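Residue strings, one per chain:
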Amino acid sequence: APITGQSLEAGPTFEIKELEGASKSWTRESALAAVKKNGLTGRNFENGRNSYYAVGCVKCHRFDGAGGAVGPDLSSVANKFSMPDLLEAIIEPNNVISDQYSSSIVTMENGTEYEGIVINKSGSEEEGRMEIHTSDPKADPIIVKTAEVASIEASRLSQMPEGQADFMNEAEFLDLLAYLMSRGNPDAPMFK
């Protein structure tokens, strides 16, 4: 962007519509019951894709050629997760946190604490610094000097905030699940 004046982030080619939202908080059990009752056939591709963008999944997760890298790439989620496991990852993100995407609590010598994914900048012109990528995907990373860090401890919280599913009603949530399980393919059988 500094060279061309244009962002290299892939944006959606469609208008993102506001979600209706859930009338009550989703639980793993209520989501699994909705999947069993309604299935993932006859779903709406456009609504699923819209849910993915509207709830903010794209800010942290790469999928179908677009998205961030703060969280795991979801392109092959259909091959890696059973439906109960996928629902747990979405609704209860703090239960299982991959080592690759675990957060740390960085305490500075002055007592200030930062929480996020830590990237050391050793072996570069920025040696002696680290970046802390917080759970806010819109925020710039916090850059600190490693010499001023008092401690780094593992966090027990996922970078993914709880309650993301609560922004979706049943149809929006089921369409999102179908979108993820289809690998972003509008011709997948679940959209017939």
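Preceding this section is the structure that the text describes.
Summary of the structure given here. (Residues numbered from 1 in each chain as written. Predicted model: local features only at pLDDT ≥ 70, side-chain atom pairs only at ≥ 80, totals over all residues. Heavy atoms only, no water.)

1. Some details on the pattern of salt bridges
As a reminder, the rule being used: A pair is scored as a salt bridge if a Lys or Arg side-chain nitrogen falls within 4 Å of a carboxyl oxygen belonging to Asp or Glu. Think of it this way: any DSSP run of H or I at least four residues long counts as a helix, any run of E at least two long counts as a strand, and we number them from the N terminus.
Here the structure, examined in full by the defined rule, presents two salt bridges. Residue Glu92 is joined to Arg28 by a salt bridge in which the shortest nitrogen-to-oxygen separation is 3.1 Å. Separated by 64 residues along the polypeptide, Glu92 in the loop between α5 (83–91) and β1 (104–108) and Arg28 in helix α1 (residues 28–38) bring together distant segments of the chain.

2. Regarding the nonpolar core
We count it as follows: We define the nonpolar core as a collection of buried residues of types Ala, Val, Leu, Ile, Met, Phe, Trp, Tyr and Cys that are connected through side-chain atoms lying within 4.5 Å of one another. Relative accessible area decides the class of each residue, using a 1.4 Å probe on protein chains only: under 20% of the type maximum gives buried, over 50% gives exposed, and in between gives partly exposed. Note on definitions: a residue-residue contact is assigned when non-hydrogen atoms from the two residues lie within 4.5 Å.
One finds Leu40, Tyr52, Met83, Ile90, Phe173, Leu177 and Leu180 to be the most contacted residues of the largest nonpolar core, which totals 35 residues. Put simply, the parts of the chain that give this core at least two residues each are α1, α2 (45–54), α3 (57–60), α5 and α6 (170–181). Here Phe173 is in contact with Trp26, Ala31, Leu87, Ile90, Ile91, Ala165 and Met168, once residues within four sequence places are set aside. Of all hydrophobic cores here, the second largest spans six residues; its members include Met108, Met130, Val144 and Val149.

3. Concerning the sheet that holds strand β3 (residues 129–133)
Convention followed: For two strands to count as paired, DSSP must find a minimum of two bridges between them. To get an axis, fit a line to the C-alpha atoms, keeping to the stretch in contact for a helix; angles then go from 0 to 180 degrees between the N-to-C directions.
Across the sheet, which stays open at both edges, the five strands sit in the order β4-β3-β2-β1-β5 with antiparallel pairing between neighbours. Either end of the sheet is taken by a strand with one partner, and the two such strands are β4 (142–145) and β5 (149–154). For this sheet, the mean inter-axis angle between neighbouring strands, taken without regard to orientation, is 45°. Where β1 meets β5, five bridges bridge the pair, whose relative direction is antiparallel. Bridge pairing in β5 links Val106 to Ile152.

4. Re α2
How we decide: Residues adjacent in sequence count toward polar contacts only when both atoms are side-chain atoms; beyond that, a polar contact is any pair of N or O atoms within 3.5 Å, and within protein one must be able to donate a hydrogen and the other to accept it.
Three or more residues of α2 are buried, namely Phe45, Gly48, Asn50, Ser51, Tyr52 and Tyr53. In this structure, the buried residues of α2 make contact with α3 and α6. Two or three places before Glu46, at the opening of α2, Asn44 has a side-chain oxygen 3.0 Å from that residue's backbone nitrogen. Positive phi shows up at Gly56, right after α2, with a value of about 100°.

5. Some thoughts on the environment of Ala171
By secondary structure assignment, the location of Ala171 is in helix α6. The spatial distance from the C-alpha of Ala171 to the C-alpha of Gly48 is 8.8 Å, given a sequence separation of 123 residues.

6. Quick word on the pairing of β3
Pairing between strand β2 (residues 113–120) and β3: four bridges, direction antiparallel. Looking at β3, one finds that Val118 is bridged to Ile132.

7. A short note on the packing of aromatic side chains
Defined as follows: For Phe, Tyr and Trp, rings pair up if their centres lie within 6.5 Å, where Trp contributes its six-membered ring, and each pair is then called stacked (planes under 30 degrees apart), edge-to-face (over 60) or tilted (otherwise).
Scanning the entire structure with this criterion turns up eight aromatic pairs. A centroid spacing of 4.9 Å and a plane angle of 50° characterise the contact between Trp26 and Phe173, whose relative ring orientation is tilted. With Trp26 in the segment before α1 and Phe173 in helix α6, the pair connects residues that are 147 residues apart, well separated along the chain. Both residues of the pair, Trp26 and Phe173, belong to the buried class. Relative to Tyr53, the ring of Tyr52 has its centre 5.8 Å away and its plane inclined at 75°; by these criteria the two rings are edge-to-face. What makes Tyr52 buried here is its relative accessible area of 0%. On the basis of relative accessibility, which here comes to 13%, the residue Tyr53 falls in the buried class.

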